[in-house]
Structure formats: C-alpha cells, structure tokens
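# Structural overview for review
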Amino acid sequence: MMNQFTVLWAVIAIFFVFTASCSKEDSENNPSDLPTSFRVDVPSSISQNATKKDALSGELSGGEIYQHLNNFIYLGDASAELIEDIIVGIRIYGLSQPMTFTYVSEEDGRTKNVVVIDNATFEGTIWEHQLSITDAESEGNEDKGYAIQVFWNVSPIEGIAVLKPFNWDRSGVTSSEKTIFRVEYSEKADANYEAHMVVTIYGWEETVSDRFHMDNLKMFVGKDGDRIDVYGNSNHPDAWLFLQEPVGFNWAFVASGSETKNIGVAEVGLPPSSLDETSREVILETYSIKNVFTSQIREYIYQIYGVYPDQAGLDTLLQNTDAPGYFNSGGFVQGGTAPSGNYEELTTTISTMVPYNPYTITNLSLSFKQ
C-alpha cells in the first residue's frame, strides 16, 4: 500500500515545484480568470494516509477494512489537491486568453506545447476556456501526448481537469503509463450541496505486488455547510480476503464528516468487482463487511479444521465489522456503536447515500478530448 502514496506525493512534489517557481509579481502582471479553488476539502477524520502511522498491519479485521477506506478516500482527495495546484500554477502564469506557445519543461527537459482556446466543447458542454499541454515528442502516440487538459467557466466556477502524469514528467513519475486523474468541480449550488467535486482515477498502480492494490477509483464529494458527504468505490482486481477465491473486490463506501468537529461516519460494502448492481441494499447490506467476513471466515476455518466455528469464536473474529464505522481526528475509532451523540446527524445522512455500481468502476476508462 505504501508504494501507491509514495508515487502520488512524488507527483504532487513535481507540481509544487511548478507553482512555487512562480512569483507574486508574475500573478499581478498576468491576470487570469481561472478559479482560485478547484476542490472540496475532505475532513481528515475520514481521509488519512494510515500508512504514515503504520496502521495497516496486513491482517484482515473490520478495523483494517475501515482503515483501508481512510487511505482510498485520502488518495482521491490528494489527487484533487494535486489538480488544484495545477490550476493555481496556470492562474499565476495568466493562461486564460487564447494563445499557443512551446516551452522546455524544467522537470524532464522535454518540449511541451501549450494551447489555450475559448468556447470549447467537451462532453456536450460549451466551456468558456480550454487549456491543453502536450508532450511534443509524444503527440504521435495514441494518447496524442496529452499531459493536462482543463476546461472551465468563471461564474459560477465549474470545470473539468484531466491529468496524465507520465506525459507531464517522464523523469520523476514512476506510476503506470496508463494512469489518468480527473476532477470535475462545481460551485453551482443545488438543493443538496453548495459545491461538489467528482474525482476519478484510472489505471493506478496496476503492477504492484500488494494484493490489495487499487486500479480504479471514483468518488463524489459534496459540501453542505459544515458537513462533507463522500460516496464512491475503489476497485482492487487482485484482492482476496480470507479465501483465495473469489478474487477482485470493490471497497464501496458512503461517508459523512464534520469539518469543525473533525469526526466522521462511514459504511463500507465489499462487493465483487464483477457485481452489476445499483441497489444500496445489495451493495452495502448484502455485501456488508460483517456478511462477507462471516461467510468467508466460516468457510476458511472449515477448510482448515473440518468444522465450522461456534458463534462465540466467530464473534471474536468479527470485531468492528458492524456498520457504520466511526472516525475522529485520529482515524477509525470503532464499528457499530457511536462513541457519542455528536455522530447522530452524520449517521442519519449516510443512510440515504449510495455508492456507484461496482461493475462500472471496475470497467471505467478516462480519456482526453482529442
């Protein structure tokens, strides 16, 4: 699991260098109407890199499943932060007027081509501006060498940003050549949220040896005052739990957190990657942590000892598998029973939320506008 986050922060460091090299004077001399924000921040209670604290032991328990969830939400949130840093860098350089130019990247020494146009159409929407950066030597490839594309409107702020790290910096990025990040962000308020974003990751770390490695992720994040709601799925094509068959699971989740209290509540399902289903009852209840663990642990013990475990022994092994899971600023606290009455609103909120169809996450793809 550690390798996934090491690579992501290497990518973020690249963009930090890109943005930090710009000065305040640059910004004043090159005004831009690009937004100053391009994401909804997720409270750390439900978005943490648990590997930094050695929280993941490699052993499976209900707590481990919830701690893994912390990581997957964190990965999506950090990807959105990375995209936002790109937007800040673009804003500093004043790249919001139609223009075309070429530069040599300080990161990998390769030539990059930049094109900014107005009134661009993408996915059926006309955007006020579009910016594209390509790796010049790769423009003859199937992906046309695209490193970044950003589409945005100014009022209200909304946009789509698509990033392929491999084409941005060949020297510093060690992730898969296929990896693509995408963030859709909007401050167009609706009946449910004042702002929201959708983060999608495709082709992430497909060759690592960790059986829980992730390839695809999609998550929605909505802000309603102090409350941040999150739902989505991460796909783990080589994951197995106690039994080596079946292989391939989604972490399907719904979560809600308070920014000021920094607490959160989450419910997790472990449906097979191949499940083609949209029902909350099936994804989160039929395939709840407790149901999946109960079934697999019983069969696992039977295969080893020839008998099924008694209920007392099973209950010990099922600790913290009850839904929902409760979190505070330190991460996962416990499953099933709320630590205090502070969690009541968040618990009610997640009861109506639904993850994506697991099959669509397993088979999703991302691409640039060609």
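The coordinates are above.
Residues numbered from 1 in each chain as written. Predicted model: local features only at pLDDT ≥ 70, side-chain atom pairs only at ≥ 80, totals over all residues. Heavy atoms only, no water.

## A few points about the overall build of the protein chain
Scanning the protein chain for helices and strands turns up nine helices and 13 strands. Counting over 370 residues, the protein chain shows a buried share of 54%. Across the protein chain, contacts joining residues at least 24 apart in sequence account for 60% of those joining residues at least 6 apart. Carbon and sulfur atoms make up 48% of the accessible area of the protein chain, which amounts to about 15,500 Å² in all. (Helix = DSSP H or I, 4+ residues; strand = E, 2+ residues; numbered from the N terminus. Buried < 20%, exposed > 50% of the residue type's maximum accessible area, 1.4 Å probe, protein only. Contact = heavy atoms within 4.5 Å. Areas by Shrake-Rupley, 256 points an atom, 1.4 Å probe, with all protein chains shown as cover.)

## Describing the environment of asparagine 216
Tracing the chain through its elements places asparagine 216 in strand β8 (residues 216-224). Classification of asparagine 216 as buried rests on a relative accessible area of 3%. Each C-alpha atom, one on asparagine 216 and one on threonine 179, is 9.3 Å from the other, the two residues being 37 residues apart in sequence. The contact partners of asparagine 216, leaving out residues within four places of it in the chain, are Ile201, Tyr202, Gly203, Asn233, Ser234, Asn235, Ile361, Thr362 and Leu364. For asparagine 216, the side chain forms a polar contact with the main-chain oxygen of threonine 362, separated by 3.3 Å. (Polar contact = N/O pair within 3.5 Å; in protein donor to acceptor, adjacent residues only side chain to side chain.)

## A word on the nonpolar core
Core analysis: the biggest nonpolar cluster contains 64 residues, and Val230, Val268 and Leu270 have the highest contact counts within it. With twelve residues, the single largest contributor to this core is helix α3 (residues 62-92). The residues contacting leucine 270, other than those within four sequence positions of it, are Ile65, Leu241, Phe249, Asn250, Trp251, Ile283, Tyr287, Ile289, Val292 and Phe293. Counting residues in each nonpolar core, the second largest holds 17 residues, with Val162, Tyr356, Leu364 and Phe368 among its members. (Core = buried A, V, L, I, M, F, W, Y, C linked by side-chain atoms within 4.5 Å.)

## Here's the deal with the packing of aromatic side chains
Evaluation of the coordinates by the stated rule reveals 17 aromatic pairs. Considering the side-chain rings of phenylalanine 327 and phenylalanine 332, the 5.6 Å spacing of their centres and the 70° angle between planes classify their relative orientation as edge-to-face. Assessed through its relative accessible area of 16%, phenylalanine 332 is described here as buried. Clustering of aromatic rings is evident, with ring pairs tying together Tyr193, Phe220, Tyr231 and Tyr356. The ring of tyrosine 356 has lysine 218 sitting right over it, with the charged end atom 4.9 Å from the ring centre. (Phe/Tyr/Trp six-rings, centres within 6.5 Å; stacked < 30°, edge-to-face > 60°. Lys NZ or Arg CZ within 6 Å of the ring centre and 35° of its normal.)

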